[in-house]
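Fold and contact review
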Amino acid sequence: MSKSYSDTFTGPHMLGIAGLNRLEVISLLDRAEQFVALNRQRKKHQDLLNGRTLINLFFEPSTRTQSSFELAGKRLGADVINMAIQTSSIAKGETLIDTAVTLNAMRPDLLVVRHSASGAAALLSQKVDCAVINAGDGAHEHPTQALLDALTLRAHFGDLSGLKIAICGDVVHSRVARSNIILLTLMGAQVRLCAPPTLLPTKASAWGVEVFHDMKQALVGCDVVMVLRLQKERMNSACVPSSREYFHYFGLDREKLNLAKKGALVMHPGPMNRGVEIDSEIADDPNVSLINEQVESGVAMRMAVLASLAEGRHE
Ligand code: NCD
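So, here's what we can say about the structure. Everything quoted here is computed from the prediction, not taken from an experiment. (Residues numbered from 1 in each chain as written. Predicted model: local features only at pLDDT ≥ 70, side-chain atom pairs only at ≥ 80, totals over all residues. Heavy atoms only, no water.)

Describing the packing of aromatic side chains
To describe a pair of aromatic rings, one takes the distance between the centres and the angle between the planes. Going by this rule: Pairing of aromatic rings covers Phe, Tyr and Trp, the last counted by its six-membered ring, and requires centre-to-centre distances within 6.5 Å; plane angles under 30 degrees mean stacked, over 60 mean edge-to-face, and any other angle means tilted. Put simply, a charge is over a ring when the Lys NZ or the Arg CZ is close to the ring centre, within 6 Å, and near the line of the ring normal, within 35 degrees.
As enumerated under the stated definition, the model contains one aromatic pair in all. It is Lys256 that lies over the ring of Phe247; its NZ or CZ is 5.8 Å from the centre.

A few points about the site of the ligand
Stated precisely, the cut-off is as follows: In this text, near means that some heavy atom of the residue lies within 4 Å of the molecule or strand in question. Nitrogen and oxygen atoms within 3.5 Å of one another constitute a polar contact, given that in protein one can donate a hydrogen and the other can accept it, and given that sequence-neighbouring residues count only through two side-chain atoms. The accessible surface values rely on the Shrake-Rupley method and a 1.4 Å probe; as for residues, cover is taken only from the protein chains in view. Here a cavity denotes a set of grid points, spaced 1 Å apart and computed over the protein atoms alone, in which a 1.4 Å probe fits but from which it cannot get out, and a pocket denotes an open set meeting protein on both sides within 12 Å along at least five of seven lines; residues with an atom within 4 Å of a point are reported as lining. A pocket or cavity is taken to hold a molecule when more than half of that molecule's atoms are within 2 Å of the pocket's grid points. Under the convention adopted here, Pro, Cys and the residues Ala, Val, Leu, Ile, Met, Phe, Trp and Tyr are nonpolar, Asp, Glu, Lys and Arg are charged, and Gly plus all remaining residues are polar.
The environment of the ligand is formed by Thr65, Arg114, His142, Gln145, Arg175, Val176, Arg229, Gln231, Pro269, Gly270 and Pro271. Here an oxygen atom of the ligand sits 2.8 Å away from a polar atom, N or O, in the side chain of His142. Pro269 is positioned with one of its backbone polar atoms (N or O) 2.9 Å from a nitrogen atom of the ligand. Protein burial of the ligand: of its 320 Å² of free accessible surface, 94% is covered by the chains. The site holding the ligand turns out to be the largest pocket. A breakdown of the residues in the shell around the ligand according to their chemical character gives three nonpolar, five polar and three charged.

Some remarks on the sheet that holds strand β8 (residues 224–227)
So the rule is basically this: For two strands to be treated as a pair, DSSP must find at least two bridges joining them. The way it works is that DSSP assigns letters per residue, a run of H or I at least four long becomes a helix, a run of E at least two long becomes a strand, and they are numbered from the N terminus. Fitted lines through C-alpha atoms give the axes, limited to the stretch in contact for helices. The angle between two N-to-C directions lies from 0 to 180 degrees. Here, two residues are considered to be in contact whenever any of their heavy atoms come within 4.5 Å of each other.
As summarised here, the arrangement of the five strands in space is β7-β6-β5-β8-β9, forming an open sheet in which the pairing is parallel. A single partner strand is all that each edge strand has here, and the edge strands are β7 (210–212) and β9 (265–267). Pairwise comparison of adjacent strand axes, ignoring direction, gives a mean angle of 20° for this sheet. In this structure, strand β5 (residues 164–168) lies alongside strand β6 (residues 190–194), joined through five bridges in parallel fashion. Along β6, the bridge assignment pairs Lys164 with Gln190. Strands β5, β6 and β8 of the sheet are contacted by helix α6 (residues 175–186), whose axis makes an angle of about 170° with β5.

Focus on the packing of helix α5 (residues 143–157) against α6
Geometrically, a packed helix pair is captured by the angle between its two axes and the distance between the axes. Inclusion rule: Oblique is the label for any angle not under 35 degrees, not over 145, and not in the 65 to 115 range, which are roughly parallel, roughly antiparallel and roughly perpendicular in turn. For any pair of crossing helices, the crossing counts as left-handed if the nearer helix is rotated counterclockwise from the farther one by less than a right angle, and right-handed if it is rotated clockwise.
Where α5 contacts α6, the axes come no closer than 8 Å and their chain directions differ by 55°. When the axes of α5 and α6 are compared, the pair comes out oblique. Our pair here, α5 against α6, has a crossing hand that is right-handed. Across the interface between the two elements, Pro143, Gln145, Ala146, Leu147, Asp149, Ala150 and Leu153 of α5 pack against Val176, Ser179, Asn180, Leu183 and Leu184 of α6. Per-class residue counts for the contact of α5 with α6 are eight nonpolar, three polar and one charged.

A short note on the nonpolar core
When a protein is soluble and globular, its nonpolar side chains tend to lie buried together. Selection criterion: We define a nonpolar core as any set of buried Ala, Val, Leu, Ile, Met, Phe, Trp, Tyr and Cys residues linked to one another through side-chain atoms lying within 4.5 Å. Relative accessibility decides the category of a residue: with a 1.4 Å probe and only protein chains considered, values under 20% of the type maximum give buried, values over 50% give exposed, and everything between is partly exposed.
Counting residues in each nonpolar core, the largest one holds 92 residues, and the members touching the most others are Ile167, Leu252 and Met301. Membership of the second largest hydrophobic core comes to 15 residues, among which are Ile90, Ala120, Leu124 and Cys130.

Comments concerning α6
Let me state the cut-off plainly: What a helix should span is 1.5 Å times the count of its residues minus one.
The end-to-end C-alpha separation of α6 is 17 Å, in line with the 16 Å expected for 12 residues at 1.5 Å each. Buried within α6 are the following residues: Arg175, Val176, Ala177, Arg178, Ser179, Asn180, Ile181, Leu183 and Leu184. Here α6 starts with a cap whose side-chain oxygen sits 3.2 Å from the backbone nitrogen of Val176, and that cap is Ser174. Gly188 lies just past α6 and shows a positive phi near 90°.

A word on the sheet that holds strand β2 (residues 79–82)
Pairing in this open sheet of four strands is parallel, and the strands run β2-β1-β3-β4 from one edge to the other. The strands lining the two open edges of the sheet, one partner per strand, are β2 and β4 (131–137). The mean angle between the axes of side-by-side strands here comes to 15°, regardless of whether they run parallel or antiparallel. The sheet contact formed by strand β3 (residues 110–115) and β4 spans five bridges and is parallel. Paired with Leu110 across the strands is Ala131, a residue of β4.

By themselves, these figures tell us nothing about what the structure is for.
As structure tokens, this is what we get:
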């Protein structure tokens, strides 16, 4: 059977989950699964990106995302540089676009961008010649996080379709939530959102999800609980009265998790605020927590995205 053009993801950029179709997502999951296996071997190299250059351009702090893109590029044989924003000309007032255009003149093949402004990666993709990967733009999208979450879920459940997944916490400021809602609903999962009204966008119910303000109702019958960090750096005013009160009503602890399906699993994109959105007892319980597996999936998924984008640019 001949493959149609959109059976496989080839780019030209990875700006968001919006715009991808099911087959493209499946092609990335299949490819990443092979990289999970490669990453578990002693020799973790493949030379798919030999001779290619990857630049990480992170305007916001990152532990997991930046290091996993760096590792993914290196494992595939690319030359990788991490721009140190604090010591770059950005600290002297250079604009985002001028910085990107300057880097573009060094002829990178792949530019990974994280920025506090929604749409920053899409804007850059119009100014440079290389493939741009959105590693988080404001509260808009974080596509590789949703893809790595789907990879983690597929390893446990086989199929995402029909899964009941509760996304709990600071949805309004979360690009992780947005990308996950689009991807999970695309793959046939049933998504529930649970947060106080101050942490939910007013249009949330139009996203094809069920909206809850009470964790005890939201978790009943769920296969997976995905917990989000309170993103204080994006809040203009206090959205919750106190961390203590928030934990009481919306923090995931054993008592609340017991309301979900027996054997329900827990995810968190990190970084975690223990005792605020999640109890340490849950985060550290290997029988329920997928948090470290999400990190492992992250390297493999980023390898899949980088390899697919590089192949899509056959010059
Ligand atoms: C997330 C992010 O930066 O959007 N972290 C991540 O990439 N793993 C979530 C967060 O910062 O809370």
